[in-house]
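# Chains, contacts and geometry: an overview
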Amino acid sequence: MGVHSRGAVRAVPGEEGAAPAVRDRYFDTLRALALVRVVAYHAFGWPWAGLVFPSMGVMFGLAGTLMARSLQRPAAAVVRSRLRRLLPPLWCWGLFVVGAMLVRGWMPGWQIVYWVVPLGDPPGSAWGEQAWEILWYLRTYLWFVLLSPLLLRVFRLAPVPVLLLSLAPIVAFQFLWQPPENRFGTGLLDLATYLFCWVLGFAHRDGVLARLQPAAVVVLSLAALACGAWYAFAHRAEYGTYDLDDIPLAQALWSAGFVTLLMYSKARLRVDFSGLVRLRRLDRLVSVFNARAVTVYLWHELALVLAVPLIDRCWDVPAFEAYLPLGSQWFLLAVGWVLVAVFVLLFGWVEDVAARRRPRLLP
């Protein structure tokens, strides 16, 4: 997720997945960790998970870097490429989710067009909400892709001021004007929350981040982390939790500080996980996560949903009841991962087709 021009990575959900000659295992590993954390969070609901590793901020930061790299080519071609890579896996997944909701009596309106191109949150029934609620990420990613040609031009006019000012919209939305509680307002709020991380990706790709003084970067990053944590805990009564996913300003500040330190470590200190190749199984797992990122992201909630009735059936088998921890959330997570692996085998090839690669069972 953020690389130098000679070292590249595969995509986060929706990102370009071409495989250059030299891969950057540091960012590959961060991407894999981000996906693992997302699945664990949805299995356990840990409110502190975002403080340990803000997955969404990391993924938007890395996607911003790759977008800046790709925009060396004509903008229209880049946007078409991103749409081509993102939409077919979404359509494949949506056939099952929408089909299941229709069977359960859901009657969509004209907003069903957002299942074709998610410029707004696709509609869905309350019954299927756990599956479709994750689509906010794809919607936000898509808007960042569409806005990036303009954003990158503005950023290059005054890189550091634009980077710092990219936090201004979320501050304004928190204290000056609350966006309406509809598709437009929700989309605007999500864009503002992760704008800094996306623009930080530009700064990494253009070498701006590497040129900044370590003291300034560390002090400002720690200040952002401190402010984000303070705001989350100071307003937990207002929001009912300190979960960053429920507190946009805290999420924006914490992600800004966290992702800056991660990217600055790479840009300035040349942090590298090239030794990962010696751990063949782990290296292979990281490669699969990166090549099937869209599939893992889209299907993981369905896997967790289906794991529940599957485990319920296991209670009817005396041996399973006696020897398996059927009531443990960890067991639910394990079964969920098994189902994710099944979905990757069944539908991961759609990512290859979308990227105009030869379809493979596993990359």
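The paragraphs below set out a description of the structure included in this document. These numbers were taken from a predicted model, which means no experiment stands behind them.

## Section: the packing of helix α6 (residues 136-157) against helix α9 (residues 183-205)
For the pair α6 and α9, the least separation of the axes is 9 Å and the interaxial angle reads 50°. On the basis of the axis angle, α6 is oblique to α9. Where α6 crosses over α9, the two elements pack in a sense that is right-handed. Each of W136, R139, T140, Y141, W143, F144, V145, L147, S148, L151, L152 and F155 in α6 lies in contact with α9, whose residues at this interface are T186, G187, D190, L191, Y194, L195, W198, V199, F202 and A203. Of the residues that constitute the contact of α6 with α9, the class distribution is 16 nonpolar, four polar and two charged.

## Details of the pattern of salt bridges
Summed over the entire model, instances satisfying the criterion amount to nine salt bridges. We note a salt bridge from D121 to R139, for which the minimum N-O separation is 2.8 Å. Note that D121 is positioned in the loop between α4 (75-103) and α5 (129-132) and R139 in helix α6, a separation of 18 residues in sequence. Here D121 matches R139 in class, with each residue buried.

## With respect to helix α1 (residues 25-44)
A turn of α-helix holds 3.6 residues, and therefore any two residues three or four places apart point the same way. With 20 residues, α1 should cover 28 Å at 1.5 Å per step; its first-to-last C-alpha distance of 28 Å lies within 8% of that length. With respect to burial, α1 is a largely interior element, 17 of its 20 residues being buried. Backbone geometry just after α1 places G45 at a positive phi near 70°.

## A word on the environment of G124
By the secondary structure assignment, G124 is in the loop between α4 and α5. Of the residues examined, G124 reaches a relative accessible area of 25% and is grouped as partly exposed. With 160 residues separating them along the chain, G124 and R284 place their C-alpha atoms 36 Å apart.

What counts and what doesn't
Residues numbered from 1 in each chain as written. Predicted model: local features only at pLDDT ≥ 70, side-chain atom pairs only at ≥ 80, totals over all residues. Heavy atoms only, no water. Axes fitted to C-alpha atoms, helices over the stretch in contact; angles between N-to-C directions. Helix = DSSP H or I, 4+ residues; strand = E, 2+ residues; numbered from the N terminus. Parallel < 35°, antiparallel > 145°, perpendicular 65-115°, else oblique. Left-handed = near helix turned anticlockwise from the far one by under 90°. Contact = heavy atoms within 4.5 Å. Nonpolar A, V, L, I, M, F, W, Y, C, P; charged D, E, K, R; others polar. Salt bridge = Lys/Arg side-chain N within 4 Å of Asp/Glu carboxyl O. Buried < 20%, exposed > 50% of the residue type's maximum accessible area, 1.4 Å probe, protein only. Expected span 1.5 Å × (residues − 1).

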